[in-house]
Structures are given as structure tokens and as C-alpha cells.
Amino acid sequence: MKLLRYVVLVSSLSPCLFAQTKESADLTIAGGTVVTMDGARTILNDGAVVVKGDTIIAVGPRTELEPRYQPKTSIDARGKLVLPGFINGHTHVPMTLFRGLHDDVMLDEWLRRYIFPAEAKNVNEEFVRWGTHLAAAEQIRSGITTFADMYYFEDAIAEETKAAGMRGILGETFIDFPAPDNKNEGEMLGYTEKFLRKWQNDPLIHAAPAPHSIYTCSQKTLQDAAALARRYHAPILIHVAEMKKEWDDSEKKNGMSPVQYLDKIGVLGPDVIAAHCIYVDEKDRSTLAQRQTGCVHNPSSNMMLASGVAPVPEMRAAGVAVGLGTDGPAGSNNDLDIMEEIDLAAKLAKITKMDPRALNAKAVVEMATIDGAEAVHMEREIGSLEKGKKADVIIISLDEPNAVPMYDIYAQLAYALKASDVQTVVIGGRVVMRDRKLLTLNEEQAMARAREYKKTIAASLGIP
Ligand SMILES: [Zn+2]
């Protein structure tokens, strides 16, 4: 009798016990072609990505993972590509509100006649908030999940970035003239230290100092900003060797290249994110590799400003981590479309070398993902779909005329697919765009405010 009761009990419980052996998860993205960008560059046809909290807990064939996990929600990715989120390694997001203010002029004239006066008259905390809001919408729409920014009032940018659910490496600018937020180096140091303290250990926001460049910052400013960053284990964002004049002036003034100068004064290191790196010779490239400094290539910007061409294949060959950035989005690009940069990076290298093999499709997809993560020193957290990494995942539709047929996934990503094919975006396990609908932002309101800003900015400069 006793034994019989026991058997009945077990058999009535057994379906429940079986169900409990499934590990709980928050989200699975199942059925797509998963382009992991892991060390082996594994591609899984009919794969799955399993997420718990803000972290990926499993990546593998769908048929193996589905019986093992019980997710709260699941996204069907059949017939689509699943990738790690793209990384925009260099931009100035509030400048969305200056988009198209004045183009097709020399950098000097653009800065002196338009941007510096426009910034002096218009940039305040509210301005950067709306500019960031608009930029976040645009970036999410092109599959960007992490961006590195350099601007003013960066703490307000951080608040808006976090509200949008995006990951940001956000650099408060140090520059040797009164900025819209801080009027001297003392104020810049004070503001930035508070900023660094406030965001310590935040899961999405990485606060940083951003000494603008060697041509706008004294040696003391550069060293002070770097020392502050290192006290807080923060990265250092800086423009490096972005124009010929910077190289020539550095040779004249310091007797060495911009890269060698930054190395000599102790700024270069494994925590530096160097935007542009156009004028870097063989010695510079080996120094950048030795110091493990990350470099960010911005092909649209370099072409639009006719700055020159960064030696990307040579940098990669020297072992430098090279990511991709949009720069801009005013004057030096005018949009925040990272898929355009993926395409242009390959084509710019090809035409410069007069060799279509110079930089291939796979290489430029690497630059927007895993190499980009290394360039911003976050390769342990982002850049690939692997167990233990942050759940920054994008789903790209293959249901448009430009997306079919597909023979080679990397070639399709680099040369055929568009930002508008990005369908769903997940950052840190949170769905921020589902089927092209933004879930964390009021896009209509941001666009309406941008149109309003145009009127006041134009009026402040006396232009129609
Ligand atoms: Zn820049």
C-alpha cells in the first residue's frame, strides 16, 4: 500500500519535475543564422542565443538549446541574420542638431565660421539632451548598440543614453579654450571627476575624459586628463593624427609624430581610444600595437573632409585593433549609419590601393563588431555572441530586394544590406527596437524638437 502510494506520487509529479530540469532564461532569439564573430568566426544556421538578465548564457544550435532552456520570451529569427550589435567607435552625438548646417567647405572655415559660433550660441544641457535623443534613435535604427562619444555636458548625454537603453563610452571634452560647459582646465577636471564618480560600475555607461587632440590641448592638459582617467580606470578618448597639418606641426614643435609625442608624454596606453590615426607611419603603427592603443577608422568623415586615408590594412597587419566610427554627424559625415561605414571602409581601402583585395568584407564586419570592441577596450564584454558576454544582439531582415539572393554572409552585410534592414535590437538583454519600432525613445518628439532647433540655430547665425 505504502509503495503504491509512492509510485502514484512520483508519476503524478514527473512531468513537473521534468519541466523543472529546464534552466530558466529571460529571452531566446531562435532559428536565425547566428553570425557569432567568436574566435573561430562560427556561423550557426538555425542557431539560438539564450539570454538571462543582461548576459548571454548560451549560443548554439537551436535544436540543442531549445530543450534545455525555458525562456520568458522568445523572438523568432527564422530567415534572418543574428549578429552582435555594431560598435560606433567615434562620434559627437549632440551634433545631430547641426546636421547639414554648412558643408563642402574646408575644415578650418567650417569650424571657424560655423561650428564654433553655433556651439557658443546654442550648446547647453537641453541642446545635448535632445541631440542625444535623436542620435540614439538613429543609431539604434542602424544596429548600433554601443557608441563612443566626445562632447560637452557629457553627464547629460550619459543620462539620455541610459534612458535610451544604449551602451556608451562617453568622453567629457578637455580643450584649451572656454567650452560651452566648462570655462577652464580646473573646471573641466572638476566636472569630469564628478562625472567619473557618478557612473562608476554602471552596467551601460562608461564615463571617460576626452582630451580633444594634441593641437587643441597643452601637454599639461593631456597629462592631467590621462592621469584622471587612470585614477578611475576609465578609458581616454582623443583625436590622433587626423590631418596632415597636425603631423607637420608636431614634427616642427615636438620633433616627432603625434603618436610618438603622445607616447613620450605618457598618454598612449592600453586604455586609449584614438580616433582617425590617418597619419601614422610604420614606427607609429608598431608603437600603437605595442601600447595596445585602440584606433577608430572613420571613412565617411575622412573622405568628406578630404583629410586623407588611414592605413587600415597596414595597421591591422601590425596588430593594431582597428574599429569603425561615423564621426560627425555634422560637417564630417551627416549621419550615424554604421552600415554605410562598413561598406565605405572596404571600398576606400580598395580604391586607395587600387586593389580589390586590400580590405575584404569579413574584415570590415570584424571592425564593426569584435575588432571594434577591442578598439574601445571592451572585448571581454561585447563584440561577439558568446556565453558570458553582454546580450547586445541585432536581428537583420533578409526580406528586401537588396537582400536576396545571399551567397556570402559577410559580403551581403558589407555591400548589400542597409541600416533599414536592421529589424530588432537588443541591448543588455532589453529589446530597444522590435520590428523597426523603437521602444525606449520618443522618436517623433525628438524629430519635432530637431526641426525647432534648426530655426533657432539658423537665426543665431543670421542664416535663412
Ligand atoms: Zn571627431
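Shown above is the structure to which this text applies.
Residues numbered from 1 in each chain as written. Predicted model: local features only at pLDDT ≥ 70, side-chain atom pairs only at ≥ 80, totals over all residues. Heavy atoms only, no water.

What is the right way to look at the nonpolar core in this model?
Grouped together as the largest cluster of nonpolar side chains are 115 residues, with contacts concentrated most on F86 and F98. Residues in contact with F86, not counting those within four places in the same chain, are S142, G143, I144, T145, T146, I338, M339, I342, A368, T369, I394 and I396. (Core = buried A, V, L, I, M, F, W, Y, C linked by side-chain atoms within 4.5 Å. Buried < 20%, exposed > 50% of the residue type's maximum accessible area, 1.4 Å probe, protein only. Contact = heavy atoms within 4.5 Å.)

Explain the coordination of the zinc ion to me, please; I cannot follow it from the model alone.
Ideal geometry at a metal centre gives angles of 109.5 degrees when four donors are arranged tetrahedrally and 90 or 180 degrees when six donors are arranged octahedrally. Distances from the zinc ion to its protein donors, H90 (NE2), H92 (NE2), H239 (NE2) and D327 (OD), fall within 2.1 to 2.5 Å. If you look at the zinc ion, its 4 donor atoms make angles of 82 to 174° with each other, and the shape they trace is irregular. Along the chain, the residues donating to the zinc ion fall in the pattern H-x1-H-x146-H-x87-D. (Donors = N, O, S within 2.8 Å, 3.2 Å for Na, K, Ca; no water. Tetrahedral: all angles 85-135°; square planar, octahedral: opposite > 155°, others 65-115°.)

Which parts of the structure should I look at to understand the sheet that holds strand β6 (residues 69–76)?
Within a sheet, adjacent strands bond to each other through the backbone by hydrogen bonds, running parallel or antiparallel. One open sheet holds the 4 strands; their spatial order is β5-β4-β1-β6, and the pairing between them is mixed. Two strands close off the open sheet at either side, each with one partner strand: β5 (55–61) and β6. Averaged over all adjacent pairs, the angle separating strand axes in this sheet is 25°, with direction ignored. Pairing between strand β1 (residues 23–30) and β6: 7 bridges, direction parallel. In the sheet register, T28 faces β6, and the bridge partner there is S74. (Pairing = 2+ DSSP bridges. Helix = DSSP H or I, 4+ residues; strand = E, 2+ residues; numbered from the N terminus. Axes fitted to C-alpha atoms, helices over the stretch in contact; angles between N-to-C directions.)

Mind showing me how you'd approach helix α4 (residues 125–141) here?
Given 3.6 residues per helical turn, the α-helix brings residues three or four places apart onto the same face. With 17 residues, α4 ought to run about 24 Å at 1.5 Å a step, and its terminal C-alpha atoms sit 25 Å apart, in line with that. Of all 17 residues that make up α4, 13 are buried, and the element is covered over most of its length. Two or three places before E126, at the opening of α4, N124 has a side-chain oxygen 3.1 Å from that residue's backbone nitrogen. The first or second residue beyond α4 is G143, which carries a positive phi of 85°. (Expected span 1.5 Å × (residues − 1). Polar contact = N/O pair within 3.5 Å; in protein donor to acceptor, adjacent residues only side chain to side chain.)

I tried to follow the environment of V267 on my own but got confused; where do I start?
Locating V267 in the fold gives a position in the loop between α9 (258–264) and β13 (272–276). Given the relative accessible area of 1%, V267 is considered buried. Between the alpha carbons of V267 and L222 there is a distance of 7.1 Å; along the sequence they are 45 residues apart. If near-sequence neighbours (up to four positions away) are discounted, V267 is found in contact with L222, Q223, A226, R230, I236, L262 and V272.

Please explain the pairing of strand β18 (residues 430–434) as it appears in this structure.
Each regular strand carries side chains that alternate between the two faces of the sheet. By the bridge criterion, 3 bridges tie strand β17 (residues 422–427) to β18 in an arrangement that is antiparallel. If you follow V425 over to β18, its bridge partner there is M433. The loop that links β17 with its antiparallel partner β18 comprises 2 residues; one of these, G428, has a positive phi angle of about 55°. Sheet topology note: the β18/strand β19 (residues 437–438) ladder contains 2 bridges and is antiparallel. Within β19, the residue paired with M433 across the bridge is L438. Counting the residues that bridge the hairpin from β18 to β19 gives 2 residues, and of these D435 lies at a positive phi of roughly 50°.

Honestly, the pattern of salt bridges in this entry has me stumped. Any pointers?
Where charged atoms from two side chains of opposite charge approach closely, those side chains can pair. On inspection of all chains with the given rule, the structure shows 32 salt bridges. Across the pair R41 and E366 runs a salt bridge whose closest N-O atoms are separated by 2.8 Å. One end of the pair, R41, is in the loop between β2 (33–35) and β3 (43–44); the other, E366, is in helix α14 (residues 361–368), with 325 residues separating them in the sequence. The salt bridge partner of K353 is E314, with a shortest N-O separation of 2.3 Å. Linking K353 in helix α13 (residues 338–353) with E314 in helix α12 (residues 312–318), this pair joins segments that are 39 residues apart in sequence. Classification of E314 by relative accessible area gives partly exposed; the value is 27%. Taken together, the shared-partner salt bridges connect E125, R129, D155, E159, E160 and K198 into one network. (Salt bridge = Lys/Arg side-chain N within 4 Å of Asp/Glu carboxyl O.)

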